[in-house]
Structure formats: C-alpha cells, structure tokens
Number of protein chains: 2
Amino acid sequence: MQTGPDIARVAALLGDPGRANIVTALLDGSALTAGELARQAGVTAPTASAHLARLEQGGLLARQRQGRHNYFRLAHPEIGQLLEGLMGLAERIGHRRTRTGPKEPALRLARVCYDHLAGELGVAMLDGLVRDGRLAHEDGQLRLTEAGEAFMADFGIGLVDLRQGRRPLCRACLDWSERRPHLAGSLGAALLQRFQALGWASREAGSRVVRFSPAGRAEFAATFGLTG
Amino acid sequence: MQTGPDIARVAALLGDPGRANIVTALLDGSALTAGELARQAGVTAPTASAHLARLEQGGLLARQRQGRHNYFRLAHPEIGQLLEGLMGLAERIGHRRTRTGPKEPALRLARVCYDHLAGELGVAMLDGLVRDGRLAHEDGQLRLTEAGEAFMADFGIGLVDLRQGRRPLCRACLDWSERRPHLAGSLGAALLQRFQALGWASREAGSRVVRFSPAGRAEFAATFGLTG
DNA sequence: TGCATGGTTTGATGCTCATCGAAACATCGT
DNA sequence: ACGATGTTTCGATGAGCATCAAACCATGCA
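Remember, it's a predicted structure, so these values are computed and weren't measured experimentally. (Residues numbered from 1 in each chain as written. Chains lettered and ligands numbered in written order. Predicted model: local features only at pLDDT ≥ 70, side-chain atom pairs only at ≥ 80, totals over all residues. Heavy atoms only, no water.)

Participant: Just to check I follow, could you spell out the packing of helix α1 (residues 7-14) of chain A against helix α1 (residues 7-14) of chain B for this structure?
Facilitator: Describing two packed helices takes the angle between their axes plus the distance from one axis to the other. Between α1 of chain A and α1 of chain B, the shortest axis-to-axis distance is 7 Å and the interhelical angle comes to 150°. Classed by the angle they form, the pair α1 of chain A and α1 of chain B counts as roughly antiparallel. The two elements α1 of chain A and α1 of chain B meet at a crossing, and its hand is left-handed. Here Ile7, Ala8, Ala11 and Leu14 of chain A of α1 of chain A come into contact with α1 of chain B, specifically with Ile7, Ala8, Ala11 and Leu14 of chain B. (Axes fitted to C-alpha atoms, helices over the stretch in contact; angles between N-to-C directions. Helix = DSSP H or I, 4+ residues; strand = E, 2+ residues; numbered from the N terminus. Parallel < 35°, antiparallel > 145°, perpendicular 65-115°, else oblique. Left-handed = near helix turned anticlockwise from the far one by under 90°. Contact = heavy atoms within 4.5 Å.)

This is how it looks when you write it as structure tokens:
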C-alpha cells in the first residue's frame, strides 16, 4: 500500500499500442482530427474514438470541437517531455518497434518535439546559444541573457509576445536520440517557427521530420556558430 | 505505422498497479527479495513472481540469486528518472492514489531517489553547490569545478573511487515534488551516504523517507549555505 | 536425512478491454 | 431539404492477463 501519485493509471494509458501511436503522432505539437489519428494508429474509427475518450478522460489529451471535426492535442507540453523520456528508456532497453526504418536518420538529425526543434541540430543549437553567452544555466533553469535578448530581437523573435503567456520562455528538454538537452519552452517554439518562416527548414507532412534546405542548413550553422 | 522505440511495451509494464508498486518500492535503490516485494505490492507470492518475471524480461529489473533468495533491483538508474517524471505528470494531471497520506510532508522534504537525495533539501543542496561555484552547468551537463573538488575532498568524499565506475559523476535529475533538478549520479549517491555516515540523516526503514536529525539538519544547512 | 522456508510453476477462474460492424448522430455543402 | 462526411454509440466477440490455491522445487538448518 503506497501513497503518492498514481503512475499506473498514466502508464496504463500509454501501454496500449493504439494509444501510444496516437500520442506519438501528436508529439509534433499539431492538433489532429479523430479520423487522422485513427489512420495513424492503424485502427478503425470506433476504436480510435474509444481510445481518444480514455486519453481525454485521463488528462493526457485536450479536445477541441470545431464543427464536425474533433481536434486533439497533447494536454500539456510536459507530456511530450515524458514521452521523449519513455522513448529514451525503451531504446536503451532494446524495445524497438521495427528494425531501424528508412527515415530514422532524418529523424535523429532534426525533428519536432512537441513544437520545438529536437535531434542533433536541436541540441547543437542549445549548445551554441549557451557557448555564445545568449542563454545561461542558472539554478538548473535556463535564462535568456541580455546578449541573448538582443540576439533574438535581431533574429526577428518578438520576445514581448512570448512573455505574455504563462508558458516558461526557456526550458531544457531531454533529447531522446542525443540523450542531452535541447531548447524547449515558448522561445524554442518561436525559433522553430522562425526557421520555417525564413525558409530554412520545413516540416515533412505527417511525420516529425524537420527537413533543412542546404542553404538553410548553412545559415543555421552560421547563426549559431556550429562547426559541423 | 510508426518507427522508433516501442514505448507501449515499457508503459504497459508500468501500467499494472502491482508492477507499479513493485518498481516504486525499488525506487529507493535497494534490492529487495521477491517476498518483500509481494508484500509491498499487496499481492500474493505467485502473482508477484509472475510480475517480477515480466519486469525482468522487459529489462526494467535485474535479478540476483543468492541462495534461496532472489533479490531484485532497478536495472538502470535511468529507470528511476523516468519514474520520477511519471510521478510528476500523474500529480499534475490529478491522478493520486489516495488523499495525501500522513508521511507525505516528510517525503516532500527529503527522500531517496534511487540512491541520492531528493525533495526540498535535495534541490536546495544542488542550488547551494551551484551558487557557491562548486558545480557548474555546462552544455546542459553538470561539472564539478576545482573549488568543488576541494570541497568534496574536504567533506570526506573519495572522488578517485567515484571516477572509477562508468556511471557519470554528476547528473541532474528532475525532482518530482519540487519540479526542479537535484543532484544525481555517483557524486549524489556518495553525498547521501556521507550524510548517513556522519549521523546527520538516516533512512526510514521500508520507505523512501530520509529523516534528518535537528543537529544534522543544521550542519547540512551550514555546509551548503542554506538560509531556510 | 528430514523438516521448514522462500520461490516458482501449474491450472482454473473471472474480469477488463481492445476490436470491429452496424447503426445512430451531427455537421457541412449543395 | 438532402446526401456526404466525420464521429460517436451500441452490441458482440475474443484475447490477454491478473489473480489465487495447490502442488512442486530448491535451499538452508538441525
């Protein structure tokens, strides 16, 4: 008999392949309809509907009705963090769904984690920002320095807007494939959006892959002082 | 159809209340026998045996036969990290097993996380170490500074031994109750052991609670420069 | 060589729940 | 108003599995 949070309830929600596929599909931060999720999960509409109801009831998903469509998204960014942690552990333990798929390398290079950049380039970006004194680790938190504020403003990020929301500006998120942190939080999300606006990178439809153009990749490396 | 690590397998293992109780009981880093775990989990010996077999098969637990006893422990420290993450999320979402139990405050103040100090005092200690320049955040990793090495040696920590193992010396572990990191890794484990050797604190049998004596608490605060 | 104790295996039972087809419901475009 | 599309509800089916009692195996002690 133990006290404390009920981890079994949450784990059981993620313990079904269908539901796991659903939340993984939502890990890119998008909001998908019930039908899309059913297809992604490889189940029929009724089963998906039942799963979605349970996930919503369990507090993992948020539902937004829009006309005849039902959009679902992760209820909280922290859920994405947990999923990355689960992936890391599953990988270490050797539980893999398939032999490394074809688009696996692209996924390891650059992917979306909820709504920010993850993968090799994601952690490299955070490293660069810290090395150049734009972000600072402080009491285990990430803080934007004055130099960092100037840098972001120059890069076209509207910090004022970002500080409006109650979501933290900077946050370290442990990367699944790199096993080191990358930048999350509203700033991380804004940066990824900016990359897309600048045409440096684009999201691959229906996957978490972020594809950089050769020119965009070069600009990216130059901006954050990456050698690789 | 998705690729990548199979999170459902791992989550399903943790999704049963019996198994969740088992791993939670092992979260204090101890190695317990099958019988003890059966009692902790509130199931009979046969069911526990089945659960333990599945957990071992799944790579979450390591078994060590000693005579007619079977000792189980978490297969890897990272599993403890994931469990704390799961607890944090479950708490946020509002899944609690019971109304806050009686020993809950003690647990939030100071407890064992796998083998190192967690809770209010755990994060305060890390804060103090960083503030005083003994640990430094670097590229998202924790590093022991020169001043820190001197401090640890003076405090009676044998760094040479710690560096032998392949386990990282310092590691940040996200605290379940405080939602901020505390110090893990072999150094974190060594510090907790030292506290016990000095008589500052002692483990409460059969729980994760770490109980500081009044004098020990004062020494602790003085050593790490805590005001609270 | 026995007896006690810890642990696992086996077998049987019952429950939860994932799944899908069919039908009902809701919304949109025409 | 009506057909088309997206979504949920209902009902039925089946599989997986958690559970325990009883039997079995192994180790330690006398």
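Participant: How should the packing of helix α2 (residues 17-25) of chain B against helix α4 (residues 45-57) of chain B be read in this particular structure?
Facilitator: All names here are of chain B. Across the interface, α2 lies against α4 with an axial gap of 10 Å and an inter-helix angle of 70°. The angle between α2 and α4 places the two elements in the roughly perpendicular class. In this structure, α2 crosses over α4, and the sense of that crossing is right-handed. On α4, the residues that touch Arg19, Ile22 and Val23 of α2 are His51, Leu52, Arg54 and Leu55. Residues of the contact of α2 with α4, tallied by class, amount to 4 nonpolar, 1 polar and 2 charged. (Nonpolar A, V, L, I, M, F, W, Y, C, P; charged D, E, K, R; others polar.)

Participant: Help me understand the protein's contact with DNA strand C in this model?
Facilitator: Close to DNA strand C lie 20 residues; His51 of chain A together with Gly35, Arg63, Arg68 and Asn70 of chain B are nearest. Atoms of DNA strand C within 4 Å of the protein: sugar and phosphate make up 77%, bases the balance. Between DNA strand C and Arg54 of chain A, the relevant distance is 3.1 Å, taken from a phosphate oxygen to a side-chain nitrogen or oxygen of the residue. Within the side chain of Ser49 of chain B, a nitrogen or oxygen atom sits 3.1 Å from a phosphate oxygen of DNA strand C. At the level of secondary structure, the elements contributing two or more residues to the surface near DNA strand C comprise α4 (45-57) of chain A together with α3 (34-41), α4 and β3 (69-74) of chain B. (Near = heavy atom within 4 Å. Polar contact = N/O pair within 3.5 Å; in protein donor to acceptor, adjacent residues only side chain to side chain.)

Participant: Looking at this model, I keep getting lost on the sheet that holds strand β2 (residues 61-66) of chain A. Mind explaining?
Facilitator: Pairing between the strands of a sheet is mediated by backbone hydrogen bonds and can be parallel or antiparallel. All names here are of chain A. Strand order in the open sheet made by the 3 strands is β1-β3-β2, with antiparallel pairing throughout. A single partner strand is all that each edge strand has here, and the edge strands are β1 (32-33) and β2. In the sheet, β2 pairs with strand β3 (residues 69-74) via 6 bridges, with the strands oriented antiparallel. Looking at β3, one finds that Arg65 is bridged to Asn70. Seen against the sheet, α4 touches β2 and β3 and runs at an angle of roughly 120° to β2. (Pairing = 2+ DSSP bridges.)

Participant: I would appreciate a short explanation of helix α10 (residues 185-197) of chain B in the present structure.
Facilitator: An α-helical turn contains 3.6 residues, so any two residues separated by three or four positions project in the same direction. For α10 of chain B, spanning 13 residues, the distance from its first C-alpha to its last is 19 Å, which sits close to the expected 18 Å at 1.5 Å a residue. Within α10 of chain B the residues assigned to the buried category are Gly185, Ser186, Leu187, Gly188, Ala189, Ala190, Leu191, Leu192 and Phe195 of chain B. (Expected span 1.5 Å × (residues − 1). Buried < 20%, exposed > 50% of the residue type's maximum accessible area, 1.4 Å probe, protein only.)

Geometry only, nothing functional implied.
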